[in-house]
Amino acid sequence: MPKTDPSVDALIAAGQVVEFYNPRGLRPNVVKFPAFLTDFRDTVTANYEEHNVYARMDPIFAFQNTTREITFSIDVPAYSAEEAEGNFAKIKSLQRLLYASYAQVSNNVNILTAPPLFQIKFNNLIADGTGKLMGVIDSLDFSPVLDMGMFYVAKKFFPKVYSFSCAFKPLHKSLAETAHV
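The present account deals with the structure reproduced in this document. Just so you know, these numbers come straight off a predicted model, no measurement behind them.

**As for the pattern of salt bridges**
Part 1 of the reasoning: Enumeration over the complete set of coordinates arrives at 3 salt bridges.
Part 2 of the reasoning: As a salt-bridge pair, Arg68 and Asp42 come within 2.7 Å of each other at their nearest N and O atoms. Residue Arg68 is located in strand β4 (residues 60-77), and its partner Asp42 is located in strand β3 (residues 36-51); the two are separated by 26 residues in the primary sequence.
Part 3 of the reasoning: Put simply, Lys169 and Asp138 hold a salt bridge, and the shortest N to O gap is 3.3 Å. Residue Lys169 is located in strand β11 (residues 161-170), and its partner Asp138 is located in strand β8 (residues 133-144); the two are separated by 31 residues in the primary sequence.

Right under this line is the structure:
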């Protein structure tokens, strides 16, 4: 049984786990990272088209839509080489899930079958009434924290800590959902 870090166990017990769910039915169905939150922003923007008309001091604003973007950064620690290797594998899985799903319909012809949608949950910060918030990941950035060192296993390097940033755009399922923003 691999050794675990008491601080990682404490993160899990406290609910500090970022969960990426894959509603397309691909494997893995969920990728979870116990993590330290290092940055968080939840931006809601009302968009308007502005019309300037003759003899009017103020423009006329025509409402278009409301968008939301959640950006967050976390540090994902590993106490053992096995845990670091597992984090590396989860990161690679998550990166693969950012690509759309295709089906081959005939020789050399593929069609898009499902876009790369995700459901994310991070305690109460990223969630909706059902628990998981549906949306698209605009960008995902991973980098090893080199100052923390690496494990060296079978001629491969596995960082002890990853810094991870994500830009997520939730999809609004209904007007009633906006009350839970």
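**A look at the pairing of strand β7 (residues 117-122)**
Part 1 of the reasoning: The pairing of strand β1 (residues 17-21) with β7 spans 4 bridges and is antiparallel. Note that in β7 the partner of Tyr21 across the bridge is Gln119.
Part 2 of the reasoning: Here β7 runs beside β8; their pairing, made up of 4 bridges, is antiparallel. Each bridged residue has a counterpart across the sheet, and for Phe118 the counterpart in β8 is Gly135.

Rules used in this analysis
Residues numbered from 1 in each chain as written. Predicted model: local features only at pLDDT ≥ 70, side-chain atom pairs only at ≥ 80, totals over all residues. Heavy atoms only, no water. Salt bridge = Lys/Arg side-chain N within 4 Å of Asp/Glu carboxyl O. Helix = DSSP H or I, 4+ residues; strand = E, 2+ residues; numbered from the N terminus. Pairing = 2+ DSSP bridges.

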